[in-house]
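# Reading the structure
Chain by chain, the residues run as shown.
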Amino acid sequence: DLRKGADTMAKRRKPGSGSVHLRKDGRWEGRCVVGYDQRGYPRTKNCLAKTKGECLRKLKALREQCRSPEQPKEIESGMTFGAWLDHWYQTCSMPALRPSTQQEYELRIYRHIIPALGEIPLNKLTGANLQQFYHQLKHGGRLNRTDLYGPGLSDRSVRGCHITCWAALAQAVEEGLIPMNPAEGCKLPGEGRREMQVLTREEMQRLLIQAKEDGCYELLLLELSAGLRRGGLLALQWDDLDLGTGELRISRQVSRVRGKLAVSQPKTDAAARTIVLSPAVTEQMRRYRKQVDSRWIFPSPKRRMLPETLRQSGSC
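An account of the accompanying structure is given in this report. (Residues numbered from 1 in each chain as written. Predicted model: local features only at pLDDT ≥ 70, side-chain atom pairs only at ≥ 80, totals over all residues. Heavy atoms only, no water.)

Our focus in this paragraph is the packing of aromatic side chains. Per the counting criterion, the structure on display carries 5 aromatic pairs. The interplanar angle of 50 degrees and the centroid separation of 5.8 Å between the aromatic rings of Phe133 and Tyr134 together place this pair among those described as tilted. Among the residues examined, Tyr134 registers a relative accessible area of 2% and is labelled buried. Connected via pairs of aromatic rings, a cluster forms that spans Tyr89, Tyr105 and Tyr110. Its end group placed over the ring of Tyr217, Lys212 keeps NZ or CZ at 4.8 Å from the ring centre. (Phe/Tyr/Trp six-rings, centres within 6.5 Å; stacked < 30°, edge-to-face > 60°. Buried < 20%, exposed > 50% of the residue type's maximum accessible area, 1.4 Å probe, protein only. Lys NZ or Arg CZ within 6 Å of the ring centre and 35° of its normal.)

Here you go:
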């Protein structure tokens, strides 16, 4: 029928030119991919028209409107994957990323992907090139602290590099720069997670006894009782804690971005929450409040405590 024929024609359109289909209300809809988010999912825009021809014209105009002024119309013979990856990140990806996520992407792109694959022409990059790159990352890609973690990157880091390559190459396909995405079909490390190590009651008691001697008893007590992460714990202010009811509001986090401390909202809605502390913990925090002359619940002696300081054993 007419709808089936329209769908078939849409599937045969040139890669990167978008798609058109007939809606139930009788109008034609055109849709095109204008970029990819940090997870590799496409961002799309659409247009509507009464006829297919008008819809195709609107779709072409929409694609031209969404195209970055610096976007190359046609692939140059010497254009490298590194040049395209840098362009894709700066114009298509970075504007939609949180500052902390930008830092992760830039580490992948400028310290791992471009040094290894950047000189390969974009239209010559193959799945074998990518597969060999992922294998090298897994077995010898770590750039520092190899004495603690070994020579290879974690499975999560390897998969992150793959997602970045895939998203950049998918955009190149949408732009008609390459006919297909060479990252499709690459084999990656599994997504298995490390088993969580849980402290026993005796271990927690020993930890809190040592914390009293080190001067960070309340910090570890709140961490153990509320299950907060470092960034959320160190972003707490006294206005977040109701010492009468024990309600603790988690609404921000502290992280280091490009060498500077930044306070931001939690990444997910689930991370922004209110919890109720036990009466014993609330009473301890009430006594602790009298010792602190700061709007931050856990300041350092000279300045607000840093996330990396909290990670170090015995540095409290």
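On we go.
When you tally the buried positions in helix H9 (residues 217-226), you get 7 out of 10 residues, the bulk of the element. For H9, the set of buried residues is Tyr217, Glu218, Leu219, Leu220, Leu221, Leu222 and Ala226. With its phi angle positive at about 70 degrees, Gly227 sits one or two positions after the end of H9. (Helix = DSSP H or I, 4+ residues; strand = E, 2+ residues; numbered from the N terminus.)

For the rest of this paragraph, the subject is unusual backbone geometry. In this structure, Arg145 takes a positive phi of about 55 degrees despite not being glycine. With respect to the element layout, Arg145 can be found in the loop between helix H5 (127-140) and helix H6 (146-149). Classification of Arg145 by relative accessible area gives partly exposed; the value is 45%.

With their axes 10 Å apart at the nearest point, helix H4 (residues 99-117) and helix H7 (residues 155-174) run at an angle of 90 degrees to one another. As judged from the angle between their axes, H4 and H7 are roughly perpendicular. On H7, the residues that touch Tyr105, Arg108, Ile109, His112 and Ile113 of H4 are Gly160, Cys161, Thr164 and Cys165. The residue makeup of the contact of H4 with H7, split by class, is 5 nonpolar, 3 polar and 1 charged. (Axes fitted to C-alpha atoms, helices over the stretch in contact; angles between N-to-C directions. Parallel < 35°, antiparallel > 145°, perpendicular 65-115°, else oblique. Contact = heavy atoms within 4.5 Å. Nonpolar A, V, L, I, M, F, W, Y, C, P; charged D, E, K, R; others polar.)

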